[in-house]
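Notes for the structure review
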Amino acid sequence: MTAELGARGGGGEDCQVLLNQMKEITGIQDSAFLLAALKAADGDLMEAVTFLTEDPAPEPVQNPAAAEPSTWERSAVGKQLAQDVNAAPAPHNQDNLCPANTVRPLESPKAPAAERDAAERPQDTHSAENKNRSKRKRCEVWGENPKQNDWRRAGDWPVGMKNIGNTCWFSAVIQSLFQLPEFRRLVLGYSPPQNVLESCRSHTGKRNIAFMQELQCLFALMLGTWRKFVDPSAALELLRDVFRSTEQPQQDVSEFTHKLLDWLEDAFQLTVNVTSPGDKSKNPMVQLFYGTFLTEGVHEGNTFSKIETFGQYPLQVNGYRNLNECLEGAMVEGEMDEATASQSVKYGQERWFTKLPPVLTFELSRFEFNQSLGQPEKIHTKLEFPQTIYMDRYLYCNKDLIQMKREEMKRLKEKMVTLQQKLERYMEYGSGPARFPLPDMLQYVLEFIATKPAVAVSSAQSSQTTLLHSHAKPHVLDVLSQPNGIQERSNTRTEDEAFFVANPLLQQNPSMELQPAVSPAELSERPAPHVVSEEELNLVQTCLQRWRNEIEQDVQDLKQSIAGINLSIKQMYCDPLLQQVPYRLHAVLVHEGQANAGHYWAFIYDQPRKRWLKYNDILVTESSWEELERESFGGLRNASAYCLMYISDQVSCAGADEDEGPEAGQFQKEVEALSPELKHYIQEDNWRLEQEAEEWDEEQSCKIPQMEPSPTSELQDVSSESGPEQSSVCEQSVRSLSSEHARIAKEQTAQAIANTADAYEKNGVEAALCEAFHEEYSRLYLLSKETPTPQNDARLQHVLIYFLQNNAPQQVVERTLLEQFADKNLSYDERSISIMKVARAKLSEIGPDDVDMEEYKKWHEDYSLFRKVSIYLLTGLELYQNRKYQESLTYLVYAYQSNAKLLLKGTNRGVSESLIALYRRKCLLKLNEVAASLFVSCEEAHVSEGVSILNELIIPCMHLINNFEISKEDRDAIEVMRNRWCSYLGREDMDEKLQMKLGELLPRLLYGSTEVIVLKEPPKIRPNSPYDLCSRFAAVMESIHGASTVTVK
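Residues numbered from 1 in each chain as written. Predicted model: local features only at pLDDT ≥ 70, side-chain atom pairs only at ≥ 80, totals over all residues. Heavy atoms only, no water.

Per an unreviewed UniProt entry, the chain is named ubiquitinyl hydrolase 1, and its organism is Cyanoderma ruficeps. UniProt lists a comment for the chain under the heading Subcellular location (unreviewed entry), and it reads "Nucleus". (UniProt positions renumbered as here; feature names shortened; annotations may be inferred.)

Shown next as C-alpha cells:
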C-alpha cells in the first residue's frame, strides 16, 4: 500500500508509526538514524528497510578503513606486491599524512548489534511483514507502470475510494459513515418488504431505494473486496441530478451529508411505516443521527420556548479559539436576565440539548460571503477541538448548575478586567503620550540624584567615557518590556554590540539593587542636581526604595491574582459532575483550498487498531493525532476541519467490544452475514480483479524495455538470481562496474606508469608496479585531504578520492587501485602491458577472505550513483542558466532523489542537498509562472500547453517535494504556486469553459490526483571523463555566483 508522510508544515513532519515498524523489523532503536533512512527512501518503508538490512561493512578492527600510504604494504594487496620486491620508500611528506577515520558513516552507535540481530531473522518474515505495511509515498516516480500488487488490498486493511472527477467530498463522507459499525450494519441489512417496493410510486421514493441498494453494494465491496480501492460510480450516478452542476463542480460536504441522511431516513421510513405509519422516532437513521434541543428566550419583553430537532449542528468559527467556545457562543445569545426580562428592549436566548444522538456531528462554518468582492471566502483561522468532549455543560438537565457557573464565569472575567486595568496603570505610568513602568521611573530618579556634578578628569578617561556614553546609551523603549526595570538588549549583531564586547566596562550587569547602575565616569557626563546634601540624598533614597518595594509587591500581587483567576476559569467545568456524558472524536473531514475549489479527505479513528487513519481517495494510511492537528486545526495553511463527527461513549465502547482487532477477522464475519446476493456481488468483483491481473501480466510480458538499465539496476537484477553460478555472475558484474571506473581513470593510471621508467629499467616489472602503486596511492591520498572549494570537487577526479574521503575499507581501496593497473585499456607500450599482466596475476591471487566482494560491489555502486547525481545536477544547472526550465527540472528532481540515498550513508557520500533543493525550487517557480501565463492567455493552444506543463511536471514535482520533511522555503514556494492558480477563480476575463478546466486542475494541484503520478526519467547522458566533468563543475559553480550563461564545450 502507499501512504502519505505529509509535512507540511515543516515540517514534520510525523512518522512515529513507521519508525515503530522499522524498529520492529530491523531491530535498530536509534530513531534519528531510522528517520534519516526513511527520508532517503522518500517515505518508502520497504526501501528504507532494505537500506538498513543490507550486509553491513565488517567491523573496523577486522576491516579497517583506508589508511596512510605507509600502512598499505601490510595489507593483502601490499603483501602480494611486495613478495619479491622491497617496499618502495614513503613520500617525502608522509609525516604530514593522517590516517583516515575508521568510523562507519552508515551506522548509528546502536546499529551494529541490532543489525546482526536483524540479519539472523528469516528474510521471508521481513518480506511478508512489509507487504502488510503501508508505504508513505504520495506519488510513484521511478517507474511508469505500477506493480500488480499495488492493486491488491493488504489483508483486511481498509480500502480507499476512487475519485472519478471532483468526488473527494463523497469519499470523505461515505468513509466516515462506513467506519461506524452500527451504520454499516443498518445499510447492509436494509431489506424492505416486497409489498413496500411494489407500492412505492413516487420518483423520490424509487430514487431513495435505488440509492440505498447501490450503497449496499458499495459497502459490501468495502468489506470483502480484494482491491485496494473501490469505484463508487454507480452510487454517484444517482446523485448527478441533485449535485452535479456547471456552477459548482465540487460539492459542499455539509450539503451532501444533509441530503444523504434525508434520503436514508426516507428509505428506512418506508419500512417503519409498515408497522408504525408516520412514526419517525422508530426510524433507525433518526435514532442514530438526530437529537433535540430546547430554545428559551426573551423577545421584545415576551418569553418563549420551543423544542427543535437537529441532525448536523452548525457552529460559527470566526471569533472563537476552540470547540467549547463555539458551542458556548451557539448556546447563549444576548442576555437572559430575569430582572430585565420584562424590558422590551432586551433580547436573548439560551439553547439546551434535551436529547443527544449517538452520533453527534458539528458543521464548522468556515465560509463567509465577502460583500465587497461579491464572492464567498474561506476562514483560515485556527480552531482547536479535543479528542473527547463532555456535553454535560450543554444539557437541559444541568441547566441550574451551568447557569450558576456562567454567572461565576462572568464575575471572574469582570474581576480580571479590573485587575488588568490596575496592572496596566503601574506598567504604563504617566499622563503624556510616553509612558513607562513606575518601578523603572523611580530607578531613574534615584540615578539622577546620585549623579555628581561634572568634575575634571584625565584626557584618557574622558575620551573613554565619552565613547562609552555615545555607544552604550540605552533606548528609552527598551525598558518598557521589563517590569523590574531590567533593560533588555537585542541579539542583533550591530556596531554597538561589537563595541560593547571590546569594552569591559560595558559588560557588567546593571545592579538589581536600588543603587546607581552606571560607572562614575559615565555619571559625570549625565545631568545632575546642582546641589544635594547628604541628608537630602539619604532621605530621598530611603523613600524611593520603600516606594519601589511597595509597588513591586503590588505588581506581584496583581499578577498572582490574575493567574489565579485564569486557573479558576480554566477549571470551571472540570467538575466530575459535568463529565458524565463523554463523546469521543470519530472522524474529522478536512477541506484544503479556497471557497470555490479544493480537496476533501478524512481522518477516522480506527477503534480495533487504536490509531488514526487518513482516508484520502484511494489512499488509506496510518496517521497520528499530531498529523491530524497540523492538517485540521487551521491557521497554518489553507487546510482545516470542516466537519467533526463525535460518537457517544456507549457507541465507542460497543465498537471496541465487538471489533476486538483486525486479526480477529471482524470484516470477514460481516461478509459471511451478508445476503446471498451481496456475497455473489463481491465474488464477481474479485473474479474480475483476477482477470484484470492476468491481462495486465500478459501485456507486461509483451512489452520491450524502452530505457537502458543503469549499472546499479543491472547488478540488482543479477544479485536476485539463484543458482550455482550466482556468485560468479555477481563477481563478473562487479568487475564490469569497477572496470568502468578503471577505464575512466586510465589517463591518470598511465601517467603513474610513465613515472616509473627508471624502476622498470633497473629493478624489473614488479618493482615498477610496486612503485607506481605506492606513488599513485600517495597522490590520491593527498588529494583526498585537500580542503574543497566551491569550484572544485576532488571526488570527481578519481574513484579512490571518493573512497578515501568516505573512509572505505583499506582492502576495497587497494583492490580498486590494483584493478586499475590491471585494466586492459593500458596497452600503450611494452612497459604498460607488462605491468598490466603482473597486476592481473596479483589480482587473481586475492581471495574472498581478503576482500568482501559484496561490500566491494556496494562501494562501486555508490560512486557510480555519485557520478550520475553530479552529471544530473550539472546538466540541470546548465539548462536552468539557459532558461530551459522543463528539461532542467527533471534532471534536478532526479539528482535530489538519488542524492538522498547517498547522504543516508554519510554526509560526504553525495553532493550539497541544499544546492539541489534551491535550484529545484527556483526552476519549479519559473516553470509555474510560464504555465500560469500560458493558461490565462485564453488561447486554446497556449492553454493546452500550460495544462500539460502543470500535469506532467509541476504537480508531480510539487507532491514529491511535499512527500516528507519539507523545508520552510519549499513549503512557502508551494503555497505561492497554489495561490497563483487559486487567484484565477472567479476572474471576469476568463470564460466559463476555462473556469471549469481550472476547477478540474485545482484539486490535483492542492493535493494530488487519485491516479499514480509519474515523472519520467531524464534522457541518458554520455559519461564524461574526469577532466571534462571537473571542468564543467568549475564552470557551473562559477556561473552560479556570476551573471554569465554557462557554456562548457
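Resuming the write-up.
With respect to the overall build of the chain
A tally of helices and strands in the chain yields 40 helices and 16 strands. Considering the chain as a whole, with its 1049 residues, one finds that 50% of them fall into the buried category. Entry remark: accessible area of the chain is about 50,800 Å², with carbon and sulfur atoms responsible for 51%. (Helix = DSSP H or I, 4+ residues; strand = E, 2+ residues; numbered from the N terminus. Buried < 20%, exposed > 50% of the residue type's maximum accessible area, 1.4 Å probe, protein only. Areas by Shrake-Rupley, 256 points an atom, 1.4 Å probe, with all protein chains shown as cover.)

Things to note about the environment of Y573
The residue Y573 is located in the loop between α21 (534–570) and β12 (582–593) in this model. Among all residues touching Y573, those that are not within four sequence positions of it are E328, R393, I402, K405, R406, M409, L578 and Q579. (Contact = heavy atoms within 4.5 Å.)

Side note on the packing of helix α34 (residues 853–881) against helix α35 (residues 885–903)
Put simply, α34 and α35 touch, their axes get as near as 8 Å, and they point 155° apart. In terms of axis orientation, α34 runs roughly antiparallel to α35. Read as a crossing pair, α34 and α35 show a hand that is left-handed. Note on element contacts: α35 touches α34 through Y885, E887, S888, Y891, L892, Y894, A895, S898, N899 and L902, opposite D862, L865, F866, V869, Y872, L873, T875, G876, L877, L879 and Y880. Considering only residue class, the contact of α34 with α35 consists of 14 nonpolar, five polar and two charged. (Axes fitted to C-alpha atoms, helices over the stretch in contact; angles between N-to-C directions. Parallel < 35°, antiparallel > 145°, perpendicular 65-115°, else oblique. Left-handed = near helix turned anticlockwise from the far one by under 90°. Nonpolar A, V, L, I, M, F, W, Y, C, P; charged D, E, K, R; others polar.)

Focus: unusual backbone geometry
Not every positive phi belongs to a glycine, and N807 is a case in point at roughly 60°. Turning to its location among the elements, N807 is positioned in the loop between α31 (799–805) and α32 (810–821). Even without being a glycine, R883 presents a positive backbone phi close to 65°. By the secondary structure assignment, R883 is in the loop between α34 and α35. Looking at R883, the relative accessible area reads 67%, which means it is exposed.

A closer look at the UniProt feature "coiled-coil region" (unreviewed entry) in the chain
Per the UniProt record, the feature "coiled-coil region" (unreviewed entry) sits at residues 402–429. A distance of 40 Å separates the end C-alpha atoms of residues 402–429, which is 93% helix and 0% strand.

Things to note about the environment of A639
Mapped onto the elements of the fold, A639 is located in strand β16 (residues 639–648). Overall, A639 belongs to the buried group, its relative accessible area being 1%. Beyond its immediate chain neighbours, meaning those up to four positions away, A639 contacts K378, V590, H591, E592, W601, E631 and G634.

Details of the side chain of S648
Of note, S648 is situated in strand β16. Setting aside its immediate chain neighbours within four residues, S648 contacts P358, P582 and Y583.

Concerning helix α33 (residues 830–844)
For α33, with 15 residues, the first-to-last C-alpha span of 21 Å sits near the 21 Å given by 1.5 Å per residue. For α33, the complete set of buried residues consists of R831, S832, I835, M836, V838, A839, K842 and L843. (Expected span 1.5 Å × (residues − 1).)

Observations concerning the pairing of strand β3 (residues 291–299)
Of all nine residues making up β3, eight are buried, and the element is well covered by its neighbours. Both β3 and strand β4 (residues 302–310) contribute to a ladder of nine bridges, which runs antiparallel. Bridge pairing in β4 places T292 opposite T309. The loop that links β3 with its antiparallel partner β4 comprises two residues; one of these, E300, has a positive phi angle of about 55°. (Pairing = 2+ DSSP bridges.)

A short note on the packing of helix α8 (residues 181–188) against helix α10 (residues 203–224)
Where α8 contacts α10, the axes come no closer than 9 Å and their chain directions differ by 125°. Judged by the angle between their axes, α8 and α10 are oblique. Handedness of the crossing formed by α8 with α10: left-handed. Residues F183, R184, V187 and L188 of α8 touch α10, and the partners they reach there are M212, L215, Q216, F219, A220 and L223. Class assignment of the residues belonging to the contact of α8 with α10 gives a composition of eight nonpolar, one polar and one charged.

Observations concerning the pairing of strand β9 (residues 367–370)
Regular strands show a simple pattern: their side chains alternate between the two faces of the sheet. Direction of pairing for β9 relative to strand β10 (residues 375–378): antiparallel, over a ladder of four bridges. Along β10, the bridge assignment pairs F367 with K378. Joining the antiparallel neighbours β9 and β10 is a turn of four residues, in which G374 adopts a positive phi near 70°.

Concerning the packing of aromatic side chains
Summed over all chains, the structure comprises 29 aromatic pairs. Look at F385 and F633: their rings are 4.8 Å apart centre to centre, the planes differ by 75°, and that puts the pair in the edge-to-face class. On the criterion of sequence distance, the pair formed by F385 in the loop between β10 and β11 (388–390) and F633 in the loop between α22 (625–632) and β16 is long-range, its members being 248 residues apart. Judged on exposure class, the residue F385 and its partner F633 are both buried. Here Y880 and Y919 contribute two aromatic rings whose centre-to-centre distance is 5.5 Å and whose plane-to-plane angle is 80°, an arrangement assigned as edge-to-face. Remark: Y919 occurs in helix α36 (residues 913–936) and Y880 occurs in helix α34; sequence separation between them is 39 residues. No difference in accessibility class separates Y880 from Y919, as the two residues are buried. Taken together through their ring pairs, the aromatic side chains of F385, Y605, W612, W625 and F633 make up a single cluster. Taking the ring centre of F178 as reference, the NZ or CZ of R184 above it sits at 5.1 Å. (Phe/Tyr/Trp six-rings, centres within 6.5 Å; stacked < 30°, edge-to-face > 60°. Lys NZ or Arg CZ within 6 Å of the ring centre and 35° of its normal.)

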